[in-house]
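Residue strings, one per chain:
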Amino acid sequence: MDAPHKIDLSTVEINCWEMLSTAVSDRKHPMRSIVVGSVSGAMAQIRTVVLRKVEIEKRKIYFHTDIRSSKIEDINLTGQLSWLAYDQSQRTQIRLCGATIIHHSNDIAKLQWNLTQHHSRRNYLLPEGSGKKETEDFKILKDKLSDFSYTLEESEAGFQNFVVVETSVEKLDW
């Protein structure tokens, strides 16, 4: 009879952080699209975002969003986020939570904005944030921006709507 499979718990946390870190640089990594959860009133709100940065030593994780997004209000009220990453091929789930802050129009936001690719800046140029009712003028502008004919310099106007969301991970479950 085979011995039961043993898990080295001392390496579990290291492996979790390595998976998350790899997801930032590998666009096809299953943990790159990550779910964040917040609270709005008595209702839990969950959304899929793109994991943009991981600082293993500082136990911090980041994503980008629009200042006009409803999740910003949720974060401002509670100062907390929960995160869920899942890799089906490994049957691995990582849950994280912690204190969360929003970086808007500061050095951290500017650094990340400068790393944001031309096509990703499109959403921040729209007159309304995501999830808003689309008027005819909105649809025309959205279509115009979809062809990416705007220059990188023109895209700088979107920085006013760009935020970096940072969570200091206080709890990690594998």
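For the structure itself, look to the data block above.
Quantities reported herein were computed from a predicted structural model and do not represent experimental measurements.

## Thoughts on unusual backbone geometry
Now for step 1: Positive phi is not limited to glycine here, since Arg59 has a value of about 55°.
Now for step 2: With respect to the helices and strands, the residue Arg59 is situated in the loop between β2 (43-55) and β3 (60-66).
Now for step 3: For Arg59, a relative accessible area of 26% gives the class partly exposed.
Now for step 4: Phi is positive for Ser105, which is not a glycine, with a value near 55°.
Now for step 5: By the element assignment, Ser105 lies in the loop between β5 (92-104) and α3 (107-115).
Now for step 6: Relative accessible area serves as the criterion here: at 47%, Ser105 is assigned to the partly exposed category.

## With respect to the packing of aromatic side chains
Now for step 1: Per the counting criterion, the structure on display carries 6 aromatic pairs.
Now for step 2: Judged by centre distance (5.8 Å) and plane angle (75°), the rings of Trp113 and Tyr124 are edge-to-face. Highlighted residues: Trp113 in helix α3 and Tyr124 in helix α4 (residues 122-125), separated in sequence by 11 residues.
Now for step 3: In this structure, Lys53 packs its charged tip against the face of Tyr62, placed 5.0 Å from the ring centre.
Now for step 4: The ring of Phe159 is capped by Lys110, whose NZ or CZ atom sits 4.7 Å from the centre of that ring.

The rules behind these values
Residues numbered from 1 in each chain as written. Predicted model: local features only at pLDDT ≥ 70, side-chain atom pairs only at ≥ 80, totals over all residues. Heavy atoms only, no water. Helix = DSSP H or I, 4+ residues; strand = E, 2+ residues; numbered from the N terminus. Buried < 20%, exposed > 50% of the residue type's maximum accessible area, 1.4 Å probe, protein only. Phe/Tyr/Trp six-rings, centres within 6.5 Å; stacked < 30°, edge-to-face > 60°. Lys NZ or Arg CZ within 6 Å of the ring centre and 35° of its normal.

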